[in-house]
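Architecture at a glance
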Amino acid sequence: MSTSKPQRSPSEIEDIILRKILHVTLTESASDPRVVYLEMTAAEILSEGKPLLLSRDLMERVLIDRLSGNNNNFPSSSSAAEPPFPYLIGCYRRAYDESKKIQSMKDKNLRSEMETVTRDARRLAVSYCRIHLANPELFGGSDDARKAKKRRNASPLLPLIFSEVGSGSLDMFGGGSSSGGGVQCPPGFLDEFFKDSDFDNLDLILKELYEDLRSSVINVSVLGDFQPPLRALKYLVSLPVGAKSLVSHEWWVPRGAYMNGRAMELTSILGPFFHISALPDNTLFKSQPDVGQQCFSGASERRPADLLSSFSTIKNFMNILYSGLHDVLMILLKSTDTRECVLQFLSEVINANASRAHIQVDPVSCASSGMFCNLSAVMLRLCEPFLDPHFTKRDKIDPKYAFYGHRVKLSDLTALHASSEEVSEWIDKDNTANVNDAGNENESRLLQSKEATSSSGNASRQNAKSTTKYTFICECFFMTARVLNLGLLKALSDFKHLSQDISRGEDNLATLKAMRDQAPSPQLELDITRMEKELELYSQDKLCHEAQILRDGDFIQRAISFYRLVIVWLVGLVGGFKMPLPSTCPMEFSCMPEHFVEDAMELLIFASRIPKALDGVLLDDFMNFIIMFMASPEYVRNPYLRAKMVEVLNCWMPRSSGSSATSTLFEGHQLSLEYLVRNLLKLYVDIEFTGSHTQFYDKFNIRHNIAELLEYLWQVPSHRNAWRRIAKEEEKGVYLNFLNFLVNDSIFLLDESLNKILEIKQIEAEMSNTAEWEQRPAQERQDRTRLFHSQENIVRIDMKLANEDVTMLAFTSEEITAPFLLPEMVERVANMLNYFLLQLVGPQRKSLSLKDPEKYEFRPRQLLKQIVRIYVNLARGDSENIFPSAISSDGRSYNEQLFDAGADVLRRIGEDGRIIQEFMELGTKAKAAASEAMDAEAALGEIPDEFLDPIQCTLMRDPVILPSSKTTVDRAIIQRHLLSDNHDPFNRAHLTSDMLIPDIELKARIDEFVRTHQSKKRSSGEDSSNKERIQTTSSDMLID
């Protein structure tokens, strides 16, 4: 090494080292083209009487002259000298290298002195790097170079940061190869660069870096090169000065009159990072590379292993993104200087995107699903410290945050039970009390401003918001609940709709192809091609959702763990997991946002359909919550939300979930054994009236889930015992209402199904007549084909539901008969059975024959067996022999020969002989009862109008007065009406069974009338048998 020669003085050694570091010379002897001859500087030094040797004293002066690019200093051969920033980085690197070489010097004093020289050189290089980056125009440079730099808009410091935090492509930053053009950050440079304690020196540089990072990931998908910018972002915020600069940036929380959710996503510093996703976005904001096209095009024709590889790749990249963004926010949250700014950013994003909760989301005004799914994943990671198994920190969650928290707007959301007016009234009342309490403590505050007395409502609410301090756990809890509602749960809803769109599209495509086979046309070919392209895009979008969300088991389980906390915390507001619930619902619970519970139920439904998603998850708390609230409209007003709870249970049935682990929830769970059947029956009744304009059709889907659950529970001995006990306790209460609606639904569904079958057979006949069918206009054929497929779907659904209802009637009537035989119920049940029997063995039997009845869930043999078993079950329990009379009194469907026809069919299909015998005996009893009824009717003669029920015009047996309309009706008839409608049929006033007033005087007169006429008949011996007075179906109408 040249500096080790003994004949050189320390000054000469210093000169040599500085010339190597600074690449300058004060003489013309330089042979290296990179070394710049500073002629003017040399002249000035000579004029000052100093030797032409570089030293620490001259270092900064020489450096400035080198950076200034003065033409008088640079000969023409050096016109292409190195630009300022790369030159300064080179100086730092060379100073670092020289410091390593110096270590071999034997002279300790010289070595120490030269170390100081190299250290000062590094410090000076760093200092002027800061000056240059803050003022790029300060050190000359051509106009073209400055314009190019402005166009590229990327700080030259950025590649150094990338090399420091990890390798990655730098192409997106303007130039460079996949390795960043070989840019390497000198050791220790960045630490020294950002060590400056003067915030103002670095703030501008950092803000430009953040803007560059933001620009680098705009419209980049999860398959793009987002990792270097993400690592750089994390590195910068880990610096105290970097964190402070970020949250003080004007784009940290962008402001403006037209600022909305989408604008905030695009313009904020963190927004584009959160936008990185696999989920599809609107074409205006689509990211590249296109995940759907690149990973899932032609998915139906690809190997499963290829799809699994794509799922795994996307999942891994998304988790890298989640971890990076979580680390960034966590660093900022740990500092008291920046925590408030992070909470402000999160609340602004949430509030600006509140309309994402709507059914239709405007992609121009709302942030993307990708952003909110990413935010959901990050927020769940922030919640992990208080999601321990026992939720030991849940007492830090203050329910008043939902009403008084000044960040996230929750009080305007639909509440679990309270109306919006009740919520506002309660909040204002509570605020007024708080303000009065504060005023009593310090009356002087009230005297400081006269304006305070003129705005009690808003002022009191604002006062409550501004004075209350909430813990981070509390704020994080409510923000996460809101983000999940707008993000993860909205994405799951989109996934469900995509699946439905694909299903409908496939049905439409099948219909179009069937129509093409019937009548090909160019338009049909175009429609088929268009539909196939749409289905391909839908399929890609669906698989993108599946890859990012459903395939990420950790994501789903974190969300379930969070909602378990929500459930446990909500139950704490009503006193904990115990039944019965308090008679009055606490306002804190009543006013809590409804979506807290709805989102929990939706997530459980989705998770239950994902293999192994619930493995290891504690479900007992969810089970307790569902049992407690699914039949409690005074706590959860929305009947559809309570019905969703049943859907969750339906997914957890052992035969549905495919897991035996869930069986303990039903068979060994205390609240389940005591309340599950009772509350399911109650909900079955409550769902009759939801308040929606679609309530009539909605109830069938909801009751389908309840029926499946009840059928499963009937097989569990402990639940069957509970069922029997409830039927006895609630014989004239909820159980009677349950039976009434079960019968009503059975009749409607079977009637609808049979009528639709006739329509289907008619269209089939039209299509089978090829000659006539081909002569019809093409549009008419298309319409009839669409109607045919539509009716097929309706019949399939209705018949399935009808089968379920009849099955439930069959197995319950085997052990519980008393409610079926009550006066207000027995005729209704008999009429239903007679109607079913008539359809299955009467005149319509052959007209209902289908080529493939199983296709429509139509199983007439099984249905007939079940109907007959219900007849027999009720006959066995009929100790008072009232069932035969109810059967024979049905003037619409009853015919004494139906029983003979039914028995013949039963023998042919192999029914048990004992059942057939008992069925025939019941038919005989019904025939005898019909004869007796005719005799009794003949004996009574003409009945006075005042003795007739005004609803059915039959003789009243137990007259009662309706309290509102003062109308007298028969008790059994009005009670049958009240089973379906709790209103007075004459004036629609509210009416219940306990409000009926017995008309004792009229009953006595009716009894006397009947007794007198029966005595006359017996004394005269008159034959009162007059069978012509009952209209029955003639024998020639029956099928042999």
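Since the model is a prediction, treat every value here as computed from it, not as a measurement. (Residues numbered from 1 in each chain as written. Predicted model: local features only at pLDDT ≥ 70, side-chain atom pairs only at ≥ 80, totals over all residues. Heavy atoms only, no water.)

Here we come to the overall build of the protein chain. Across its full length, the protein chain holds 43 helices and five strands. The proportion of buried residues among the 1040 residues of the protein chain is 49%. (Helix = DSSP H or I, 4+ residues; strand = E, 2+ residues; numbered from the N terminus. Buried < 20%, exposed > 50% of the residue type's maximum accessible area, 1.4 Å probe, protein only.)

It is worth spelling out the nonpolar core at this point. Counting residues in hydrophobic clusters, the biggest one holds 294 residues, and the most contacted among them are Leu157 and Trp652. Ranked by size, the runner-up nonpolar core spans eight residues in total, among them Ile502, Leu512, Ile528 and Leu535. (Core = buried A, V, L, I, M, F, W, Y, C linked by side-chain atoms within 4.5 Å.)

The subject of this paragraph is the packing of aromatic side chains. If you walk through the whole model with that rule in mind, you get 35 aromatic pairs. Seen in terms of ring centroids, tryptophan 252 and phenylalanine 345 are 5.1 Å apart; in terms of plane orientation they differ by 35 degrees. Their pairing is tilted. Residue tryptophan 252 is found in the loop between α11 (240-247) and α12 (261-267), and its partner phenylalanine 345 is found in helix α16 (residues 339-352); the two are separated by 93 residues along the sequence. Considered together, tryptophan 252 and phenylalanine 345 belong to a single accessibility category, that of buried residues. When the ring of tryptophan 714 is compared with that of phenylalanine 811, the centres are 5.3 Å apart and the planes differ by 35 degrees; the resulting orientation is tilted. Of the two residues, tryptophan 714 sits in helix α32 (residues 695-714) while phenylalanine 811 sits in helix α36 (residues 778-813), which places them 97 residues apart along the sequence. Phenylalanine 811 shares its class with tryptophan 714; the two are buried. The side chain of arginine 130 reaches across the aromatic face of phenylalanine 193, ending 5.7 Å from its centre. Above the ring of phenylalanine 285, the side-chain terminus of arginine 262 is found at 3.8 Å from the ring centroid. (Phe/Tyr/Trp six-rings, centres within 6.5 Å; stacked < 30°, edge-to-face > 60°. Lys NZ or Arg CZ within 6 Å of the ring centre and 35° of its normal.)

When glycine is set aside, most residues are seen to have a negative phi, and most peptide bonds are trans. Proline 289 follows glutamine 288 through a cis peptide bond whose omega is -5 degrees. Within the element layout of this structure, proline 289 appears in the loop between α13 (271-275) and α14 (291-296). In the Ramachandran plot, phenylalanine 391 falls in the positive-phi region, its phi being about 50 degrees despite a non-glycine side chain. Locating phenylalanine 391 in the fold gives a position in the loop between α17 (369-383) and α18 (401-404). Its relative accessible area of 2% is what places phenylalanine 391 among the buried residues. With a phi angle near 60 degrees, asparagine 881 is a residue other than glycine that sits in the positive phi range. Mapped onto the fold, asparagine 881 is located in the loop between α38 (860-876) and α39 (883-888).

Before going further, it helps to examine the pattern of salt bridges. If you walk through the whole model with that rule in mind, you get 53 salt bridges. In this structure, arginine 255 engages glutamate 348 in a salt bridge whose closest nitrogen and oxygen atoms are separated by 3.2 Å. Of this pair, arginine 255 sits in the loop between α11 and α12 while glutamate 348 sits in helix α16, and the two are 93 residues apart along the sequence. With relative accessibility at 24%, the residue glutamate 348 sits in the partly exposed group. Taking the shortest distance from any N to any O, the salt bridge between lysine 855 and glutamate 792 comes out at 2.8 Å. (Salt bridge = Lys/Arg side-chain N within 4 Å of Asp/Glu carboxyl O.)

In this structure, aspartate 388 sits in the loop between α17 and α18. Separated by 173 residues in the primary sequence, aspartate 388 and serine 561 have C-alpha atoms spaced 8.8 Å apart.

Attention now goes to the packing of helix α27 (residues 620-629) against helix α28 (residues 639-652). Where α27 contacts α28, the two axes come as close as 10 Å, and the packing angle between them is 140 degrees. On the basis of their axis angle, the class for α27 and α28 is oblique. Considering only the axes of α27 and α28, their crossing is left-handed. Between α27 and α28, the residues in contact are Phe622, Met623, Phe625, Ile626 and Phe629 and Arg642, Met645, Val648, Leu649 and Trp652, respectively. (Axes fitted to C-alpha atoms, helices over the stretch in contact; angles between N-to-C directions. Parallel < 35°, antiparallel > 145°, perpendicular 65-115°, else oblique. Left-handed = near helix turned anticlockwise from the far one by under 90°. Contact = heavy atoms within 4.5 Å.)

Below, the discussion takes up the environment of arginine 781. On the secondary structure map, arginine 781 appears in helix α36. Its relative accessible area of 10% is what places arginine 781 among the buried residues. At 3.1 Å, the side chain of arginine 781 and the side chain of glutamate 774 are in polar contact. (Polar contact = N/O pair within 3.5 Å; in protein donor to acceptor, adjacent residues only side chain to side chain.)

Checked against the element boundaries, aspartate 552 lands in the loop between α23 (522-550) and α24 (553-573). Buried charge aspartate 552 goes without a salt bridge, the closest partner of opposite sign being lysine 315 at 5.0 Å. Discounting chain neighbours no more than four positions away, the residues touching aspartate 552 are Lys315, Asn319 and Tyr322. (Lys, Arg positive; Asp, Glu negative; His and termini not counted.)

Before going further, it helps to spend a moment on the sheet that holds strand β3 (residues 959-961). Strands sit in the order β4-β3-β5 across an open sheet of three strands; the sheet is antiparallel. The sheet is open, and its two edges are formed by β4 (968-970) and β5 (997-998), each paired on a single side. Packed onto the sheet, helix α42 (residues 971-978) meets β3, β4 and β5 and runs at close to 85 degrees relative to β4. (Pairing = 2+ DSSP bridges.)

Bringing the confidence of the model for the protein chain into the picture now. Mean pLDDT over the protein chain works out to 85, with 88% of the residues at or above the 70 mark. Below a pLDDT of 50 lies the segment residues 168-181, which in the model reaches 27 contacts outside its immediate sequence neighbourhood of four places, other chains included. Of the regions scoring below 50 in pLDDT, residues 1022-1040 engages in 32 contacts with residues more than four places distant in sequence or in other chains. (pLDDT = per-residue confidence, 0-100.)

Of all the eight residues making up α11, six are buried; the element is thus mostly covered by neighbouring parts of the structure. Listed as buried for α11 are Val241, Gly242, Ala243, Ser245, Leu246 and Val247. Buried-residue contacts for α11 involve α9 (199-216), α10 (227-237), α15 (304-334) and α16.

Packing of helix α1 (residues 10-22) against helix α3 (residues 56-68) brings their axes to within 11 Å, and their N-to-C directions diverge by 25 degrees. With respect to their mutual orientation, α1 and α3 come out roughly parallel. As for how α1 packs across α3, the hand of that crossing is right-handed. Taken together, the residues of α3 that come into contact with α1 (itself represented by Glu14, Leu18 and Leu22) are Arg56, Met59, Val62 and Leu63.

With respect to the helices and strands, threonine 25 occurs in strand β1 (residues 24-25). On the basis of relative accessible area, threonine 25 is assigned to the buried category, the value being 4%. Engagement of the side chain of threonine 25 in a polar contact is seen with the backbone nitrogen of threonine 27, the distance being 3.1 Å.

Before going further, it helps to spend a moment on the state of the cysteines. Summed over the entire model, instances satisfying the criterion amount to zero disulfides. The closest cysteine sulfur to the non-disulfide-bonded cysteine 91 is located on cysteine 129, 8.6 Å from its own sulfur. (Disulfide = S-S within 2.5 Å.)

You can see serine 238 is positioned in the loop between α10 and α11. Taking the C-alpha atoms as reference, serine 238 lies 6.4 Å from isoleucine 331; in sequence the two are 93 residues apart. A distance of 2.4 Å separates the side chain of serine 238 from the backbone oxygen of tyrosine 235, its partner in a polar contact.

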